[in-house]
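Chain residues, written in single-letter form:
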Amino acid sequence: MHNRILNSVVVLTGAGISAESGVPTFRGEDGLWRQYRAEDLATPQAFMRDPTLVWEWYDWRRGLIANCEPNAAHRTLVDMERRCEDFTLITQNVDDLHHRAGSKRVVQLHGSIWQVRCTSEGIVQENHDVPLRQLPARCACGAALRPHVVWFGESLDGTVLEEAYAAAESCDLMLAVGTSAIVHPAASLPTIAKSRGARLIEVNLERTPLSPYADEVVLGPAAEELPKLWARLQEGV
Ligand code: BV8
């Protein structure tokens, strides 16, 4: 691969990349937030107020995601990681489908729905029980476990965020795939890349607040459009 534009590539993904795998998005027609409201569930306050309700929601999502398979868009990113000299995949998703597709290095901005954290000891563990054995989930020490994800009003892990900013600031090409570009600080990464001279390409079903900054907006489902875009980029187009 000697095409300079593909020397350093960063891809930011959102819930839209997993839509064709059957994982509902947050803000779409069948979105997760439709029957719930983010502030009712994905916040520390909601968890303090009603840990069982919050765990019921995550237990339901875990059960749904466990039956979903990565799609062609996830697999395209695995091929990109193998063939680009310098490739960073940054995801807002907690479904872990990038790892299941075979992506090796994934910057998970918002954590993983398959990890739990003890609210007393802070220890993080993998937990793939579907369904969970008890709600709310409990640590062996007796304290409540929480999903090891970043909720609204919570700061992202500093090291993870630094890695994401460093990649966005130094890439030649940034792809933004399947994100509504509403949630910060993730939504600022593509415009940071653009401000540093990167080429910015967006892949989405519809235009988003990011679209005016993009050099190219590819409208269509990621599982169809991302493989085609990758083929075009390899031709140097
Ligand atoms: C923080 C994890 C410091 C849990 C999630 C600056 C400006 C404005 C607001 C803020 C700001 N800084 C902080 C905020 C507040 C807040 C925020 O951004 N609010 C928004 C709503 C305005 N941010 C935070 O609180 C963040 N923390 O900044 O810390 C701080 C501390 C204290 C006080 C203030 C600041 C933490 C944010 C993380 C929240 N956690 N999830 C869980 O998943 O359960 S966010 C949640 O939304 C998901 O992680 C998801 O990734 C994320 C973004 O959604 P998308 O991935 O984009 O998905 P969405 O459904 O919205 O869109 C899907 C897109 O795909 C659509 O565009 C659709 O068209 C497209 N699509 C659909 N199908 C397809 C498709 N595209 C292609 N193909 C298809 N087939």
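Residues numbered from 1 in each chain as written. Predicted model: local features only at pLDDT ≥ 70, side-chain atom pairs only at ≥ 80, totals over all residues. Heavy atoms only, no water.

*Asks:* Looking at this structure, I do not really get the layout of surface pockets. What am I missing?
*Replies:* Of the pockets and cavities examined, the largest pocket occupies roughly 980 Å³. If you trace the largest pocket, you find 50 residues lining it, with G14, A15, T25, F26 and R27 closest to the centre. Within the residue set of the lining of the largest pocket, elements represented by two or more residues are helix 1 (16–19), helix 2 (32–35), helix 5 (51–66) and strand 8 (199–204). Broken down by element, the residue count for the lining of the largest pocket peaks at six residues, all from helix 5. When the residues that make up the lining of the largest pocket are grouped by side-chain class, the tally is 26 nonpolar, 16 polar and eight charged. Roughly 230 Å³ of internal volume is contained in the second largest pocket. Along the walls of the second largest pocket sit 16 residues, with H110, G111, H148, V150 and D157 positioned nearest its centre. Elements with a contribution of two residues or more to the lining of the second largest pocket: strand 3 (106–108), strand 4 (111–118) and strand 6 (145–149). Taken together, the residues that form the lining of the second largest pocket break down as five nonpolar, seven polar and four charged. (1 Å grid on protein atoms, 1.4 Å probe; cavity = no way out; pocket = protein on both sides within 12 Å on 5 of 7 lines; lining within 4 Å. Points joined across faces, edges and corners; volume = space filled by probe spheres on them. Helix = DSSP H or I, 4+ residues; strand = E, 2+ residues; numbered from the N terminus. Nonpolar A, V, L, I, M, F, W, Y, C, P; charged D, E, K, R; others polar.)

*Asks:* Explanation requested: the packing of aromatic side chains in the structure shown.
*Replies:* What characterises a pair of aromatic rings is the spacing of the ring centres plus the angle enclosed by the ring planes. One pass over the structure, following the stated rule, counts three aromatic pairs. Between W57 and Y58, the ring centres sit 5.0 Å apart and the planes meet at 70 degrees, which makes this aromatic pair edge-to-face. Across the pair, exposure class does not vary: W57 and Y58 are buried alike. When the centroid spacing of 6.4 Å and the interplanar angle of 50 degrees are considered together, the rings of Y58 and W151 count as tilted. Pair noted here: Y58 is in helix 5 and W151 is in the loop between strand 6 and helix 8 (158–170), with a separation of 93 residues, a long-range link. Through pairs of rings, three or more aromatic residues link up here, namely F47, W57, Y58 and W151. (Phe/Tyr/Trp six-rings, centres within 6.5 Å; stacked < 30°, edge-to-face > 60°. Buried < 20%, exposed > 50% of the residue type's maximum accessible area, 1.4 Å probe, protein only.)

*Asks:* So what exactly am I meant to see when it comes to the environment of P227 here?
*Replies:* Topologically, P227 is positioned in helix 10 (residues 222–234). Residue classification places P227 among the partly exposed residues on the basis of a relative accessible area of 28%. In contact with P227, other than residues within four places in its own chain, are A72, T76 and A222. (Contact = heavy atoms within 4.5 Å.)

The quantities given are spatial measurements derived from coordinates; they are silent on function.
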